[in-house]
Amino acid sequence: MDRPVSPSPTEAKPAGEIKLACRHVWKLFGPRAERFLRENPRPSAEELRAAGLIPAVVDADLEVRTGEIFIIMGLSGSGKSTLVRCLSRLIEPTAGQIFFEGRDLLRMREREMIEIRRHKMGMVFQHFALLPHLTVLGNVAFPLEVQGVDRATRERRAMEMIELVGLQGRENYFPRELSGGQQQRVGIARSLAVGPELWFLDEPFSALDPLIRREMQNEFLRLQGMLEKTIVFITHDFDEAVRLADRIAIMQDGRIVQIGTPEELILAPATPYVAEFTADAPRVKILTARAIMIPADGIGEFAGEVLPQARIAEIAPAVLADARPFAVVEGDRLLGAVDREAVLRVLVGGRRQ
Amino acid sequence: MNTAAPAVPTGLRLRAGLPFWLAAIGLSLFFALAPRGLVPRWALRLPRDLEIPLDRYLSQWMDWLVTRASFGPFTFKEVTRGFAWLMDWPLSLAKSLLVSGFVLGQGSAAEPLSAPVSWAAVILFAGLLAARLGGARLALLVVGCFAYLALFGQWSSAMVTLSSILIAVPFGVVGGLLLGIGGFRSPRFERLLIPILDVMQTVPVFAYLVPILFLFGFGPVAAMIATIIYAMPPMVRVTLLALRRVPAEIAEFGRMAGCTRRQLLWKVLVPASRPALMVGVNQVIMLSLNMVIIASMIGAGGLGYDVLASLRRLDIGEGLEAGVAITVLAIALDRLSQAAATRGERLRHDMGRGIVDRGRLLTGAGLLALASMAIGREIPALAAYPEAFEVSTAPYWAALVKWINVNFFDQLEAFKTFLVLNLLVPVKRFLLAQPWPWVVALLAALGLRLGGVRLALTVTGFAMFVVLTGFWTKAMITVYLCGLAVVIAALIGIPLGIACGLSERLWRFVQGVIDTLQTLPSFVYLIPVVMLFRVGDFAAMIAVVLYAVAPVIRYTAHGVRSIPPQLVEAGTTSGCTSRQLLFKVRLPLALPEILLGINQTIMLALSMLVITALVGTRDLGQEVYIALTKADVGQGLVAGLSVAAIAMIADRLIGAGTTHMKQRLGLAT
Ligand SMILES: Nc1ncnc2c1ncn2[C@@H]1O[C@H](COP(=O)(O)OP(=O)(O)O)[C@@H](O)[C@H]1O
Ligand SMILES: [Mg+2]
């Protein structure tokens, strides 16, 4: 399956305009990759191997809308980091186009790229990438320093960011004096200091302990609730993806095999690989009433009403307690009904449909 | 790296090894025992008319450069002398500050303007700096070191040396940093740089003293330039390595933050690799100090000159005191720079409030210096350490030497004669009897076995350089002295290293000793040796062994200690006795590391060997040294390059052998 499944109109969030998009992006590592790709526009795995090239990103297409959390997920080595570095042009793609606010990034000159990175993009790294010679304050203020913002202004701004991530009192510590979780908070504060519109996070919590990871995910959601950035977030952990995502792109061996909401991935996995990922997902927390409802024709009496985007976990106690079905209502339109049986199927029924 | 031809299975190659070695040894013995006249003369020494007179060409070229070459309106010599004149400024400033005081006017009309910074102020400042960088213990050590210099009457010489170090080190560090950055940014530049560094680090210093002398004249500036050239290569390498080691994510962060190329370099990469770069700075300081004595041959003055002069007079006491003074200075600067390097790794957010605040330290130092310079004119005891309070141990050392010579002369002499007759002379004869075509063929065969055709060609090329330039016999004498010294060093170093590898306590002790030994400038090793054994090959060999033994101990200990513990446990559980464990598990696994140590030892031995020319050896070192005294550019350079060729042959062969062995043992390379 090459083509990603197009996102359905049943999106939780209203579709914003497209902030970032990429078209047919390839990244091949190895000698003379560009020429090879020009001569073989659709190379097979064997041809690539014969040419000594490593296909890190293969013909990637995606669109990220303003204000959404777009997650790129895949096993390690599937090309997530390479793709996100192509999107920010830290790595020059071998072929393809990347549109940021409608303009092709790959056509931009060094100077323009620097301006965009200085004002519109921020990035958080898996291993924090803090500068060892600067304090927390110095690190957070660094992107502003590079722009030539005067010391007083940048330190004031940096202090705001430090408070935002709850590290006040630690601003004069050096990175090595902080725990992993604290270091990543610095990384987050630093990437937010210039007020970027587009926020890249490359496995930001993967190097942290599970408990801390959960705390940081909550923190991340809290921040996003306040800031409403456009986010490209990378993870190899489906649970994390499901907790945070508006939409998820799943990568395998450099290809994007499916793009969709968590619910869509669970209900209609495009390949066995995707199904494998979604198998252990907490379905009651992901599926909505809309996804499991049955036609409401001929039902005389309802026990109550639920919203179509209500999660099963939220409505299950009420639905299970009543023999009568609940109506799924949007505005004053009756969409369908949810009954005990439908909920039970999700709760106990086979994990795969 | 090119490795041995993979088509041959390892087992086969190993079995093929024994006949190879037997044949090699047999044939060599045959040549050694063959009656005179059997081996044709041309095979022992290339006839003169076949030699390439590279040395003469070089001398002529240098002559042309100095007398006739020109850039536009200026002759080449004017350019270099102009450069020397520029470099003289900071050096004179430092000397005025620390040694002579400032004067108004020139020559005999000069009027003293101020005294130099007082010895007391310098000691105080060094102590405060040490306290800030490393706390009270370091302060105590540094004050002790500087106090030694004053107390033993070495102060003004030491300050001459210190001022040239203080100027040479920044030049070496900045130059090395910039070259390293150039190599980091441009792979093409790096490809150009690496072979030059290889040569620079293996050519003995003496060899390039002569051209420097020609270009920059005799004097402190020429000496300083030689010092910078000598001390810079490690900084270049360290810079390359350090910048490469910066984690990719940090560089990526820098670019994401919108750094320009220059900002990325100076605000991200260089500061992020500061701890690693400081290792390079430390190296530059230590090498500059190592160069002090040699530099005094072309006019550096200072402690180096004192050592050299007393060595020439065979005045052991004086030489020893000046030598110790260099060592003391080296220890103080070494510890200070190491403290500066590791300080960043300790907690810093409360260091600002440490014992001495930086701003206050600098202002304080400035005021102190000014005050002492002003008062110094009135109070001579402050300007110069009063002679009445100086002590000297020189008479005692002289007495000790005399006493040893009176009481132990016979024993020492007998020991020396025994070894010379039974070891040195036979080995020398054996090596000199080998015809060069045979040796070159042997080296080529070794290269082929260890690393393939390319290595064989490289090694042959280096060897033929020595043959064709007419330095074969001298080179063989170098090989004999160096070889013996390395074998002896290995016989001492490997067992000691193994013992250290097995015992933590012994290792801590030995590590302290060899760390200190390695801060000694190479010249200092000559002093006690000359004291006991006078001059000649034997004395030279002992000095070389002492100077070069440290790496083989260090690497062996490291090799034994870093064997994966599972392997040792596996050996124990399969019932090895501790003896078997050592010989069947530990040693084979540590062997690659031991070889690396031996490689380092060879490099040190070769560099020391050239210096031992001062105590009367007859090898390439002597050629270089004679060239220096005759100011013969070509001879010095070519003899020096021959030493470099020997070093590189050894380095490439051992390197290939190590890789080969590591692959066989399945260790990461
Ligand atoms: N600089 C590089 N040179 C060669 N291969 C690379 C390079 N960077 C990544 N790769 C390869 O590209 C593939 C994708 O890597 P990456 O994007 O880091 O995966 P992920 O982030 O999903 O773990 C891997 O097979 C990796 O080995
Ligand atoms: Mg990755």
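Here goes a summary of the coordinates provided. (Residues numbered from 1 in each chain as written. Chains lettered and ligands numbered in written order. Predicted model: local features only at pLDDT ≥ 70, side-chain atom pairs only at ≥ 80, totals over all residues. Heavy atoms only, no water.)

**Some points on the interface of chain B and chain A**
Counting from both sides, the interface comprises 21 residues of chain B and, opposite them, 30 residues of chain A. Roughly 2,300 Å² is buried in total at the junction of chain B and chain A, and carbon and sulfur atoms are behind 60% of that figure. Here chain B and chain A share two salt bridges between them. The partner of Lys267 of chain B in a salt bridge is Glu145 of chain A, with the nearest N and O atoms 2.5 Å apart. Our enumeration of links across chain B and chain A arrives at eight residue pairs in polar contact (both at pLDDT 80 or more). Elements represented by at least two residues in the side of chain B that touches chain A include exactly helix H10 (248-256) and helix H11 (261-272) of chain B. When residues of the side of chain B that touches chain A are assigned to their parent elements, the largest contribution, six residues, is made by H10 of chain B. Grouping the amino acids of the side of chain B that touches chain A by side-chain chemistry returns nine nonpolar, five polar and seven charged. (Contact = heavy atoms within 4.5 Å. Buried area = accessible area lost by both parts, 1.4 Å probe. Salt bridge = Lys/Arg side-chain N within 4 Å of Asp/Glu carboxyl O. Polar contact = N/O pair within 3.5 Å; in protein donor to acceptor, adjacent residues only side chain to side chain. Helix = DSSP H or I, 4+ residues; strand = E, 2+ residues; numbered from the N terminus. Nonpolar A, V, L, I, M, F, W, Y, C, P; charged D, E, K, R; others polar.)

**A closer look at the nonpolar core**
Counting 253 residues, the largest nonpolar core has Phe200 of chain A together with Phe146 and Phe206 of chain B as the members making the most contacts within it. Of all the elements, helix H25 (residues 578-611) of chain B adds the most residues to this core, at 17 residues. Leave out the neighbours within four places in its chain, and Phe206 of chain B touches Ile294, Met297, Val610, Ile611, Leu614, Val624, Tyr625 and Leu628 of chain B. Core analysis: the second largest hydrophobic core is formed by 63 residues, Trp199, Ile231, Tyr273 and Ala289 of chain A among them. (Core = buried A, V, L, I, M, F, W, Y, C linked by side-chain atoms within 4.5 Å. Buried < 20%, exposed > 50% of the residue type's maximum accessible area, 1.4 Å probe, protein only.)

**What about the sheet that holds strand E2 (residues 54-65) of chain A?**
Residue and element names in this part refer to chain A. The four strands lie next to each other as E2-E1-E4-E5, forming an open sheet whose pairing is antiparallel. Edge positions in the sheet fall to E2 and strand E5 (103-104), since each has one partner strand and no second. Across two bridges, the pairing between strand E4 (residues 95-100) and E5 is antiparallel. Within E5, the residue paired with Phe100 across the bridge is Arg103. The strands touched by helix H3 (residues 80-87) within the sheet are strand E1 (18-29), E2 and E4, with E1 carrying the most contacts at an inclination of about 125 degrees. (Pairing = 2+ DSSP bridges. Axes fitted to C-alpha atoms, helices over the stretch in contact; angles between N-to-C directions.)

**Quick look at the sheet that holds strand E6 (residues 121-124) of chain A**
Residues and elements named next belong to chain A. The six strands are arranged E6-E7-E8-E3-E9-E10 in an open sheet whose pairing can be described as mixed. Two strands bound the open sheet, and with one partner strand each, they are E6 and strand E10 (255-260). Neighbour-to-neighbour, the strand axes of this sheet turn through a mean angle of 15 degrees, independent of strand direction. Both strand E3 (residues 69-74) and strand E9 (residues 247-252) contribute to a ladder of five bridges, which runs parallel. Across the sheet, the residue bridging to Met73 is Ile250, located in E9. Where helix H8 (residues 210-227) meets the sheet, its contacts fall on E3, strand E7 (198-202) and strand E8 (230-235), and the angle it forms with E8 comes to roughly 165 degrees.

**A closer look at the pattern of salt bridges**
Inspection of every chain in the model, using the stated rule, returns 35 salt bridges over all chains. The salt bridge partner of Arg35 of chain A is Glu39 of chain A, with a shortest N-O separation of 3.3 Å. Taken together, the positions of Arg35 of chain A and Glu39 of chain A, both in helix H1 (residues 33-39) and four residues apart, correspond to about one turn of that helix. Across the pair Asp198 of chain B and Arg652 of chain B runs a salt bridge, and its minimum N-O distance is 3.3 Å. Of this pair, Asp198 of chain B sits in helix H7 (residues 187-202) while Arg652 of chain B is found in helix H27 (residues 633-665), placing the two residues 454 residues apart along the sequence. Overall, the relative accessible area of 25% leaves Arg652 of chain B in the partly exposed class.

**Regarding the packing of helix H14 (residues 312-321) of chain A against helix H15 (residues 340-348) of chain A**
All names here are of chain A. Viewed as axis vectors pointing N to C, H14 and H15 meet at an angle of 130 degrees, and their least axial separation amounts to 9 Å. With respect to each other, H14 and H15 are oriented oblique. Taken as a pair, H14 and H15 cross one another with a handedness that is left-handed. On H15, the residues touching Ile312, Ala316, Val319, Leu320 and Ala321 of H14 are Arg340, Val343, Leu344, Val346 and Leu347. (Parallel < 35°, antiparallel > 145°, perpendicular 65-115°, else oblique. Left-handed = near helix turned anticlockwise from the far one by under 90°.)

**Some points on the pairing of E7 of chain A**
Two faces, one strand: in a regular strand the side chains alternate between the faces of the sheet. All names here are of chain A. Most of E7 sits out of view: five of its five residues are buried. Residues Leu198, Phe200 and Asp202 line one face of E7 and the alternating positions Trp199 and Leu201 line the opposite face, and both faces are buried. Pairing between E6 and E7: four bridges, direction parallel. Bridge assignment links Val124 to a residue of E7, and that residue is Leu201. Pairing analysis gives five bridges linking E7 to E8, with the strands arranged parallel. Residue pairing across strands places Phe200 opposite Val232, the latter belonging to E8. Tracing the backbone out of E7, into H8 and back to the parallel element E8 gives a crossover that is right-handed. (Right-handed = clockwise from strand over helix to strand, strands pointing away.)

**A word on helix H17 (residues 394-432) of chain B**
Because an α-helix packs 3.6 residues into every turn, residues spaced three or four apart end up facing the same way. All names here are of chain B. Between its first and last C-alpha, H17 extends only 42 Å over 39 residues, short of the 57 Å set by a 1.5 Å rise per residue. When the local axis directions of H17 are compared, the greatest deviation, roughly 75 degrees, occurs at Phe408. Of the residues making up H17, those classed as buried are Ala394, Val401, Ile404, Asn405, Leu412, Lys416, Leu424 and Leu431. (Expected span 1.5 Å × (residues − 1). Bend = angle between axes of the 7 residues up to and from the residue.)

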